[in-house]
Amino acid sequence: MDAPARGGVPADAEQAVDAARDAAAEPGAGKARPADAGDADRAAWDVAARSRVRTTDMRLALASGKGGVGKTCVAVNLARVLADRGLRPVLADCDVEEPNAHLFFGPAELNRARDHFVPVPEIDNEVCLGDACRACVNACRFKALLAMAGEIMPFPELCHGCGLCGIVCPVGAVGSSSRHIGHTAELESEGVRLVSGEMRIGEAMAPPLIREVKARALEAADEDGLLLYDCPPGGSCPAVTSLDGADFVLLVAEPTPFGVHDLGLAVDLLHHLELPGAVVCNRADMGDPERVRRFCRERGLPLLAELPATARAAEVCADGRLLAREIPDFSERFDDLASAVLHSMEGAA
Ligand code: SF4
Ligand code: SF4
């Protein structure tokens, strides 16, 4: 990848923005915002962006192979810039084991907390056929049922609440109770709606609550909204559940050997899920940015932006404030990143 052309956005991303301007040149379509647009051009571009990257059919996921690379920081700043363009973003904090996106939205606080439960089976041993049957035990792929001493024992912590055991039971011996898995809550600040989830302490499975967070985010989104999923890092069930339904994935990477290695794992996951994606390199000058550029070239991935590491940026982030609000250079970089992401989503639609 060539050195960034301006504002941290590489030359090819800028060309892509130009291409979008040309593509949108038909009457009434508006045009892509050129890098040096004035207010009038920006307003025209916003109208076009709203009509082209439409609504809640379009879902942008922000993911990373490695934790601690600044994914949530990128997600909240991007959401803010998109809100400034009138795209009414709803950000779903899918990292339900360690939710922290809300810390960037002070003084607004999470409210409207809602508890969530999953159904778990209860076995009526008076009715159950026990060892002579075991249909439920054999059907449960999560090993949440065990036949012991002629009785069926459920292990609620392993149960995913799929209901299959009740369906296969020939005598109606499977009843239902529920297990509390955690809660969701939301806040609204300057045009961004955030939905956050937090698992109950001791709860082992994140996916059911992640699905609740995403469902509530969809509820919160109006027709012109844009959904953003801030995914947990890694490639296990929580990350896969968070990516489910995404139209485009922005991978946040850092230019260290560990960062590039884990970026490779994340890209493999996207290929497996057949999801289109692009990369943003955070703290680009902290390591060797050429590592990430080379990786993107080799894997054919667009590198949409490089964000520098500065003492001021670290201070602003650590204080839970927004780079796009506090530092003009970052404001411009996130604005350019938003243009590049919207264009990429358009291309992927
Ligand atoms: S509801 Fe599904 S996961 Fe839970 S015990 Fe029954 S079959 Fe297993
Ligand atoms: S399927 Fe029903 S009858 Fe058979 S072992 Fe399970 S609970 Fe008992």
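Here the structure is a predicted model, which is why all the values come from computation and not from measurement. Residue numbers run consecutively from 1 along every chain, following the written order of its sequence. Here chains are named by letter from A upward and ligands by number from 1 upward, in the order in which they appear as written. Confidence filtering applies because this is a predicted model: local features only for residues at pLDDT of at least 70, side-chain atom pairs given and counted only at 80 or more, and all residues used for totals across whole chains, interfaces and linings. Only hydrogens and water are set aside when side-chain values are computed; all heavy atoms of the structure are taken into account.

**Regarding the packing of aromatic side chains**
And step 1. Aromatic rings from Phe, Tyr and Trp, with only the six-membered ring used for Trp, were paired whenever their centres fell within 6.5 Å, and each pair was classed as stacked if the ring planes differed by under 30 degrees, edge-to-face if by over 60, and tilted otherwise. Considering all chains together, one arrives at one aromatic pair under this definition.
And step 2. We note Lys-214 situated over the ring of Tyr-229; from NZ or CZ to the ring centre the distance is 4.4 Å. In our convention, an over-ring charge means Lys NZ or Arg CZ found within 6 Å of a ring centre and within 35 degrees of that ring's normal.

**A closer look at the site of ligand 2**
And step 1. Near, as used in this document, describes a residue that has one of its heavy atoms within 4 Å of the molecule or strand being considered. Near ligand 2 you find 13 residues, and of these Cys-128, Cys-133, Arg-134, Cys-136 and Cys-169 are the closest.
And step 2. Basically, the charged four are Asp, Glu, Lys and Arg, the nonpolar ten are Ala, Val, Leu, Ile, Met, Phe, Trp, Tyr, Cys and Pro, and anything else, Gly included, counts as polar. Broken down by class, the residue content of the shell around ligand 2 amounts to 11 nonpolar, one polar and one charged.

**A closer look at the environment of Gly-161**
And step 1. Inspection of the secondary structure assignment puts Gly-161 in the loop between strand S7 (151-154) and helix H5 (164-168).
And step 2. The buried label applies to any residue whose accessible area, calculated with a 1.4 Å probe on protein chains only, is under 20% of its type's maximum; exposed applies above 50%, and partly exposed to all values in between. According to the relative accessible area criterion, Gly-161 is partly exposed, its value standing at 22%.
And step 3. For the pair formed by Gly-161 and Arg-179, sequence separation is 18 residues and the distance between their alpha carbons is 9.3 Å. Secondary structure is summarised from DSSP: a helix means a run of H or I of at least four residues, a strand means a run of E of at least two, and numbering begins at the N terminus for each.

**Things to note about the side chain of Arg-85**
And step 1. Along the chain, Arg-85 turns up in the loop between helix H3 (71-84) and strand S4 (89-93).
And step 2. Whenever a nitrogen or oxygen atom comes within 3.5 Å of another N or O atom, the pair is scored as a polar contact, on the condition that within protein one atom can donate a hydrogen and the other can accept it, and that pairs from neighbouring residues in sequence are kept only if both atoms are in side chains. At a separation of 3.0 Å, a polar atom in the side chain of Arg-85 contacts the side chain of Ser-339.

**Points about the pairing of strand S10 (residues 226-230)**
And step 1. The buried count for S10 comes to five of five residues, which makes it a mostly enclosed element.
And step 2. Residues Leu-226, Leu-228 and Asp-230 line one face of S10 and the alternating positions Leu-227 and Tyr-229 line the opposite face, and both faces are buried.
And step 3. Two strands pair under a simple rule: DSSP has to find at least two bridges between them. Looking at chain direction, strand S3 (residues 59-63) and S10 are connected through four bridges and run parallel. Within S10, the position partnered with Leu-60 by the bridge is Leu-228.
And step 4. Relative to S10, S4 runs parallel, the two being bridged by five bridges.

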